[in-house]
Amino acid sequence: MNYTSKIDWIPIKKYKDILFLFWEGISKIIINRPWCHNAFRVETVDEMINAINICYNRKDIDILIITGYGDKSFCSGGDQKTRGLGGYLDKDGVTKLNILDFYKKIREIPKPVIAMVNGYSIGGGHVLHVVCDLTIASDNAIFSQVGPKVGSFDGGFGCSYLARHIGQKKTREMWFLCKKYTAKEALKMGLINKVVNKNELEKETIKWCKIIQKRSAMSLRMIKRCLNAELDGQHGLMQLAGDATLMFYLMEESQEGKKAFLEKRDPNFKKFKKFL
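Let me begin by describing the structure that accompanies this report. Computed from a prediction, not measured in an experiment: that's the story for all the values here. (Residues numbered from 1 in each chain as written. Predicted model: local features only at pLDDT ≥ 70, side-chain atom pairs only at ≥ 80, totals over all residues. Heavy atoms only, no water.)

## Some details on the environment of phenylalanine 40
Phase 1: Secondary-structure assignment places phenylalanine 40 in the loop between strand S3 (26–31) and helix H1 (42–57).
Phase 2: Residues phenylalanine 40 and isoleucine 99, 59 residues apart in the sequence, show an inter-C-alpha distance of 8.6 Å.
Phase 3: Setting aside chain neighbours within four positions, we find phenylalanine 40 in contact with Arg33, Val45, Cys75, Gly77, Gly78, Asp79, Ile99, Gly124 and Gly125. (Helix = DSSP H or I, 4+ residues; strand = E, 2+ residues; numbered from the N terminus. Contact = heavy atoms within 4.5 Å.)

## Some thoughts on the sheet that holds strand S10 (residues 120–122)
Phase 1: The 4 strands lie next to each other as S5-S10-S12-S13, forming an open sheet whose pairing is mixed. Two strands lie at the open edges of the sheet, namely strand S5 (73–75) and strand S13 (181–182), each paired on one side alone.
Phase 2: With 2 bridges joining them, strand S12 (residues 142–144) and S13 adopt antiparallel strand pairing. Bridged to isoleucine 142 within S13 is threonine 182.
Phase 3: Against the sheet, helix H3 (residues 124–131) touches S5, S10 and S12, its axis set at about 95 degrees to S10. (Pairing = 2+ DSSP bridges. Axes fitted to C-alpha atoms, helices over the stretch in contact; angles between N-to-C directions.)

## Considering the environment of glycine 123
Phase 1: Tracing the backbone shows glycine 123 in the loop between S10 and H3.
Phase 2: Linking glycine 123 and valine 150, residues 27 residues apart in sequence, is a C-alpha distance of 9.6 Å.
Phase 3: If near-sequence neighbours (up to four positions away) are discounted, glycine 123 is found in contact with Ser144, Gln145 and Val146.

## Some details on the packing of helix H2 (residues 99–108) against H3
Phase 1: Packing of H2 against H3 leaves a shortest axis separation of 10 Å and a crossing angle of 15 degrees. Between H2 and H3, the angle is such that the two are roughly parallel. The crossing of H2 and H3 is right-handed. Contacts from Phe102, Tyr103, Ile106 and Arg107 in H2 reach Gly124, Val127, Leu128 and Val131 in H3.
Phase 2: Of the residues belonging to the contact of H2 with H3, the class tally is 6 nonpolar, 1 polar and 1 charged. (Parallel < 35°, antiparallel > 145°, perpendicular 65-115°, else oblique. Left-handed = near helix turned anticlockwise from the far one by under 90°. Nonpolar A, V, L, I, M, F, W, Y, C, P; charged D, E, K, R; others polar.)

## Some details on the pattern of salt bridges
Phase 1: Going through the model one piece at a time under the given rule, you end up with 20 salt bridges.
Phase 2: Arginine 225 is the salt-bridge partner of aspartate 243, the closest N and O atoms lying 2.7 Å from each other. On the criterion of sequence distance, the pair formed by aspartate 243 in helix H10 (residues 233–249) and arginine 225 in helix H9 (residues 217–229) is long-range, its members being 18 residues apart. By the burial criterion, aspartate 243 is buried, and arginine 225 matches it.
Phase 3: With its nearest N and O atoms 3.6 Å apart, the salt bridge here joins lysine 271 to glutamate 256. Taken as a pair, lysine 271 in the segment after helix H11 (252–262) and glutamate 256 in helix H11 lie far apart in primary sequence, 15 residues in all.
Phase 4: Residue glutamate 256 is classed as buried on the basis of its relative accessible area, which comes to 5%. (Salt bridge = Lys/Arg side-chain N within 4 Å of Asp/Glu carboxyl O. Buried < 20%, exposed > 50% of the residue type's maximum accessible area, 1.4 Å probe, protein only.)

Structure below.
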């Protein structure tokens, strides 16, 4: 299926269920299943995990956009046609809930992730945008949780992190009633960052990406870690500590310890300034 854009996106890797593109330091994952409102199946999620791992390791990628194909649906969550007993069935009939792994990948990647919501953001697709660092939505976007309507729920990011955005009362309303909310309503309740005309959605998202690319990559990395650490518990603290160690390794004081060890001498840490 062809993807139309005013930007000359370059394919990074070919997949069956997603498009994975690159342009000037920006990568884009597009869920390419419009016949089912871009609902994901196990294979879709496996491909997205593979793509985000590539984003993690490529130094020429500064930022990731996640969106859906077309202008009607961002993502409608798990494809109920592939749902089995205990999860979603892969091609071998094994049940999985691997979308949870993808949510964690979004949190773990030390680069900003922007959800470009083009239409319906429903169920697991709604959780998907919530987990992203920023959300820019088209004016025809619709947001809704539907778990209790289909015998499902997301007690993790879909509840706890959502409540951090819109509060406990609104989160309970969203889950208990399964109401649909317009982009303007979502903006008002603090669920998303910006609403634009659907014809300007990619342009505005790229504009935000270009601004972010001018910022300190290490600062952005540490801000993301710090914001995630509290909610992510020990795992989040481990990631924050890991990046703090990375920053220390870049300092001359840390380099002195390494050099002293290799040169078989005592390190001279006294020469480094102490900060209050």
